[in-house]
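# Architecture at a glance
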Amino acid sequence: MSVGFYVGTFDIFTNGHLLVTKKSAKLFDKVIIGMGINEKKGPRQYNIDLMKNAIEKTLISEGLLNVDVTEFSGLTVVEAKKYNTTYLIRGVRTLTDYQDEEDLAVKNEKLSGIDTIYIRSGNLGYISSSFVKGLIAQNWDVSEYVPKPVYDLIMKEKSN
């Protein structure tokens, strides 16, 4: 069975992330979305359990039944090996993304023997979590940039 491990912080799961997930679900028998805790990026803006729940609701509504979500801290390759991962999945938006991801892919493969596959976010490449967070900070409507369950979470958090 082929297993893809799609890793990121997903501290706002965007429609770009969803597009990469949909493409991945067609390529692999099983896809695991690994919500990594990255101390270098600072504290999460959104509670990881609430975001995980919003992602899971999105997957159900999109009929992506071969995709699961997990949280982890530590090395990606250690977590990926738990799932007998065939490939690490990385979404790529720009040339700079590719350069950064390729450097990381070489290291991950050296550590684990697991290769990385890149999936373009296509015409949604302009959408990033930081872009959406910036719009939210300016009270901008972000409903076109995130799946409905994620939008509902954002609105609930704003009202608190």
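The structure we're discussing is the one just above.
In short, a report on the structure. (Residues numbered from 1 in each chain as written. Predicted model: local features only at pLDDT ≥ 70, side-chain atom pairs only at ≥ 80, totals over all residues. Heavy atoms only, no water.)

## So, helix H4 (residues 95–112)
Rules: Secondary structure is summarised from DSSP: a helix means a run of H or I of at least four residues, a strand means a run of E of at least two, and numbering begins at the N terminus for each. Here the expected span of a helix is defined as 1.5 Å times the quantity of residues minus one. The buried label goes to any residue with under 20% of its type's maximum accessible area, the exposed label to any with over 50%, and the partly exposed label to all in between, with areas taken from a 1.4 Å probe on protein chains only. In this description, one arc is meant: the one made by directions from the helix axis to the C-beta atoms. We call two residues contacting when some pair of their heavy atoms lies within 4.5 Å.
If you check H4, its first and last C-alpha atoms are 25 Å apart, about what 18 residues at 1.5 Å a residue would give, namely 26 Å. For H4, every residue scored as buried is listed here: Asp-97, Glu-101, Ala-105, Asn-108 and Ser-112. Down the axis of H4, the buried set is contained in an arc of 70°. They therefore lie on one face. The exposed residues of H4 that point more than 90 degrees off its buried face are Leu-95, Asp-100 and Lys-110. Contact partners of the buried residues in H4: helix H3 (76–82), strand E4 (87–92) and strand E5 (115–120). Taken from the residues just after H4, Gly-113 is the one with a positive phi, measuring 80°.

## Here we look at the pattern of salt bridges
For the record, the criterion: What counts as a salt bridge is simple: a side-chain nitrogen of Lys or Arg found within 4 Å of a carboxyl oxygen of Asp or Glu.
What the rule picks out here adds up to 10 salt bridges. Residue Asp-11 is joined to Lys-133 by a salt bridge in which the shortest nitrogen-to-oxygen separation is 3.1 Å. Separated by 122 residues along the polypeptide, Asp-11 in the loop between strand E1 (3–8) and helix H1 (15–27) and Lys-133 in helix H5 (residues 129–137) bring together distant segments of the chain. With a relative accessible area of 6%, Asp-11 lands in the buried category. Take Lys-133: its relative accessible area is 23%, and that puts it in the partly exposed class. Among the salt bridges present, the one from Lys-52 reaches Glu-56, with a minimum N-O distance of 3.9 Å. Placement of both Lys-52 and Glu-56 in helix H2 (residues 48–61) is noted, with a separation of four residues, approximately one turn of the helix. Taking relative accessible area as the criterion, Glu-56 reaches 30% and is therefore assigned partly exposed. Through salt bridges with shared partners, one network takes in Asp-11, Arg-44 and Lys-133.

## A word on the pairing of strand E2 (residues 30–37)
Where we set the bar: If the strands point away from the viewer and the path from the first strand over the helix to the second runs clockwise, then the crossover is right-handed. One requirement defines pairing of two strands: DSSP has to find at least two bridges between them.
Among the eight residues of E2, six are classified as buried, and the element is accordingly described as predominantly covered. With respect to chirality, the unit in which E1 leads through H1 into the neighbouring parallel E2 is right-handed. Of the pairings in the sheet, the one linking E2 to strand E3 (residues 67–73) comprises seven bridges and is parallel in character. Its bridge partner lying in E3, Ile-33 is registered against Val-69. Between the parallel elements E2 and E3, the chain passes through H2 in a crossover that is right-handed.

## Quick notes on the packing of aromatic side chains
The criterion, for reference: Classification of ring pairs uses Phe, Tyr and Trp, with its six-membered ring standing for Trp, and accepts pairs whose centres are within 6.5 Å; under 30 degrees between planes counts as stacked, over 60 as edge-to-face, and the remaining range as tilted.
Inspection of every chain in the model, using the stated rule, returns nine aromatic pairs. Ring geometry for Tyr-126 against Tyr-145: centres 6.2 Å apart, planes inclined by 85°, an arrangement best described as edge-to-face. Taken together, the residues Tyr-126 in the loop between E5 and H5 and Tyr-145 in the loop between H5 and helix H6 (148–159) connect sequence positions 19 residues apart. Taken together, a centroid distance of 5.3 Å and an interplanar angle of 85° make the contact between Phe-131 and Tyr-145 edge-to-face. With Phe-131 in helix H5 and Tyr-145 in the loop between H5 and H6, this pair connects stretches of sequence that are 14 residues apart. Of the residues examined, Tyr-145 reaches a relative accessible area of 10% and is grouped as buried. Through a chain of ring-to-ring contacts, the aromatic side chains of Phe-5, Phe-72 and Tyr-83 assemble into a single cluster.

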